[in-house]
Amino acid sequence: MEKIPNPLSPQDKAKRIAPLWRELVLTWYKQYGRSALPWRNLSGENASYGVYVSEMMLQQTQVKRVLHSYYKPFMESLPTLECLAYAPEERVLKLWEGLGYYSRARNMLKSAKICVERFSGALPSSYEELIKLPGIGSYSAGAILCFGFYKNVSFVDGNIRRLLCRVFAQSEPKMALLEELAALLLDVKNSFDYNQALLDIGATLCTPKSPSCLLCPLIKLCQGRNTPHSYPIPKKSTLEALSLHLALCVYNESIALVRSSQGLYHGLYNLPQLPTKGKNWGIKYGQYKHHYTKYAITAYVYEVSIESLKEDIAWEEVEFLPIKSLHSKPLSSLCKKALKMGGYRL
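Residues numbered from 1 in each chain as written. Predicted model: local features only at pLDDT ≥ 70, side-chain atom pairs only at ≥ 80, totals over all residues. Heavy atoms only, no water.

Description of the overall build of the protein
Scanning the protein for helices and strands turns up 14 helices and seven strands. Dimensions of the protein along its principal axes, counting C-alpha atoms only, are 85 × 50 × 35 Å. Looking at the protein as a whole, 47% of its 346 residues qualify as buried. Counting every atom, the protein has about 18,400 Å² of accessible surface; 52% of that belongs to carbon and sulfur. Averaging the coordinates of the 43 positive side-chain charges in the protein and doing the same for the 29 negative ones gives two points 7 Å apart. (Helix = DSSP H or I, 4+ residues; strand = E, 2+ residues; numbered from the N terminus. Buried < 20%, exposed > 50% of the residue type's maximum accessible area, 1.4 Å probe, protein only. Areas by Shrake-Rupley, 256 points an atom, 1.4 Å probe, with all protein chains shown as cover. Lys, Arg positive; Asp, Glu negative; His and termini not counted. Charge placed at Lys NZ, Arg CZ, Asp CG, Glu CD.)

Below, the structure is given as structure tokens:
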């Protein structure tokens, strides 16, 4: 009986297709890549910092949003890592306002301080040192090394993971396998454009819900092209319902706010929260929906007098900030929506 040959392992297939893979990826990038993005056109000793800022902003955030509203103002306000290190946290959070996942901004500030203390105000250029900095993981370290220091390294982010899973028909691969495949396929002669191309193909063509397989340069190499949604198996995520009762208290042209000292909103200003149970809070401006990380929030906004506010919350945490000064304070999106409901537009 004739033996059926064993199928190629993902690693063996990667070695076999690597030359054609690299050619297809780089040819596509020359014609369709997003090469005009500002963080892809940096030079000089400050290039690694500009790449670092972009990579932190782009985590779980669309390129369009970062490009249009955040990257340029941040870089103009804090043009070097040393400037960031000496900036007040309130200023950094204000520049980050609306991007969400504020721990990214706080970690950047911590990392900048460490770099000033240990690396003369510059990012370290080794993987071992980068990975030790707060908020920098394996992918971020690789991206900074490649795009900021022009080193020939591979890495795997969410987009590259999805691309590799589909091409090699991997439903639930371990990260170690994907990182091995990325290393085998890496174009060491032009890793900058090559890695940017993989990010772009994953972000614009090999998307989670509606992949444009017919436009993908790698379609003939892709084992998952007929059933792309099977690779990888999507993770199920559910939002936790949360109800918040917020007090809008105005006194002498100032608004009562609380600056959070912990949790997701650490360092940001929010309206004081009222107990979820108890007396009738009086006039209700309305309610609105708000999603934040794992929470599906329903927020109720009430007009509350200063006397009532003193009775029902931790008064020592309350700050009355002049309405005219709010534009310079780091406010959560949750807070800005509530203020808008009360007629205050910032």
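Quick notes on helix 12 (residues 191-204)
If you check helix 12, its first and last C-alpha atoms are 20 Å apart, about what 14 residues at 1.5 Å a residue would give, namely 20 Å. Of all 14 residues that make up helix 12, eleven are buried, and the element is covered over most of its length. The set of residues buried in helix 12 consists of Ser191, Phe192, Tyr194, Asn195, Gln196, Ala197, Leu198, Leu199, Asp200, Ile201 and Gly202. Looking at the buried residues of helix 12, the elements they touch are helix 1 (10-32), helix 9 (138-149), helix 10 (158-167) and helix 11 (175-185). (Expected span 1.5 Å × (residues − 1). Contact = heavy atoms within 4.5 Å.)

Describing the state of the cysteines
This model, assessed by the stated rule, comprises zero disulfides. For cysteine 146, which is in no disulfide, the shortest distance to another cysteine sulfur is to cysteine 115 and amounts to 19 Å. Assessed through its relative accessible area of 1%, cysteine 146 is described here as buried. Counting only cysteine sulfurs, cysteine 206 is the nearest neighbor of cysteine 216, a cysteine outside any disulfide, at a range of 6.2 Å. Residue cysteine 216 is classed as buried on the basis of its relative accessible area, which comes to 13%. (Disulfide = S-S within 2.5 Å.)

Notes on the domain arrangement of the protein
Split by domain assignment, the protein resolves into domain 1 (10-221) and domain 2 (240-342). Here the C-alpha centroids of domain 1 and domain 2 sit 36 Å apart. Across the boundary between the two partners, domain 1 contributes ten residues, which contact 17 residues of domain 2. When the two sides are added together, the surface that domain 1 and domain 2 hide from each other amounts to roughly 1,100 Å², 47% of it contributed by carbon and sulfur. At the boundary of domain 1 with domain 2, the tally comes to four salt bridges. Linking domain 1 with domain 2 are seven residue pairs in polar contact (both at pLDDT 80 or more), by the criterion used here. Across the side of domain 1 that touches domain 2, the residue classes break down as three nonpolar, two polar and five charged. (Domains from an automatic or database assignment. Buried area = accessible area lost by both parts, 1.4 Å probe. Salt bridge = Lys/Arg side-chain N within 4 Å of Asp/Glu carboxyl O. Polar contact = N/O pair within 3.5 Å; in protein donor to acceptor, adjacent residues only side chain to side chain. Nonpolar A, V, L, I, M, F, W, Y, C, P; charged D, E, K, R; others polar.)

Overview of the packing of aromatic side chains
With the rule as written, the count across this model stands at eleven aromatic pairs. For the pair tyrosine 150 and phenylalanine 192, a centre-to-centre distance of 6.0 Å together with 25° between the ring planes defines the contact as stacked. Taken together, the residues span a long stretch of sequence, with tyrosine 150 in the loop between helix 9 and helix 10 and phenylalanine 192 in helix 12 at a distance of 42 residues. For phenylalanine 192, a relative accessible area of 16% gives the class buried. An aromatic cluster of at least three residues, connected via ring pairs, comprises Tyr139, Phe147, Tyr150, Phe155 and Phe192. Here lysine 13 stacks its cationic end above the ring of phenylalanine 168, 5.4 Å away from the centre of that ring. (Phe/Tyr/Trp six-rings, centres within 6.5 Å; stacked < 30°, edge-to-face > 60°. Lys NZ or Arg CZ within 6 Å of the ring centre and 35° of its normal.)

Side note on the environment of glycine 148
Looking at where glycine 148 falls in the secondary structure, it is placed in helix 9. Glycine 148 sits in the buried class, given a relative accessible area of 6%. Expressed as a C-alpha distance, the spacing of glycine 148 and glutamate 45, which sit 103 residues apart in the sequence, is 8.9 Å. If we skip the residues at most four places from it in the chain, glycine 148 touches Ala47, Ser48, Val51 and Ala143.

Re the side chain of arginine 162
Residue position: arginine 162 is located in helix 10. For the buried residue arginine 162, which engages in no salt bridge, the nearest side chain bearing the opposite charge is aspartate 157, 7.4 Å off. A polar side-chain atom of arginine 162 sits 2.6 Å from a polar atom in the side chain of asparagine 159. When neighbours within four sequence positions are excluded, arginine 162 is seen to be in contact with Gly202, Cys206, Thr207, Pro208, Tyr231 and Pro232.

Things to note about the sheet that holds strand 1 (residues 240-248)
Taken together, three strands build an open sheet; the order of strands is 1-6-5 and the sheet is mixed. The two strands at the open ends of the sheet, each matched to only one other strand, are strand 1 and strand 5 (284-292). In this sheet, neighbouring strand axes are inclined to one another by 20° on average, regardless of whether the strands run parallel or antiparallel. Here eight bridges tie strand 5 to strand 6 (residues 295-303), and the two strands are oriented antiparallel to one another. Residue pairing across strands places lysine 289 opposite threonine 298, the latter belonging to strand 6. (Pairing = 2+ DSSP bridges. Axes fitted to C-alpha atoms, helices over the stretch in contact; angles between N-to-C directions.)

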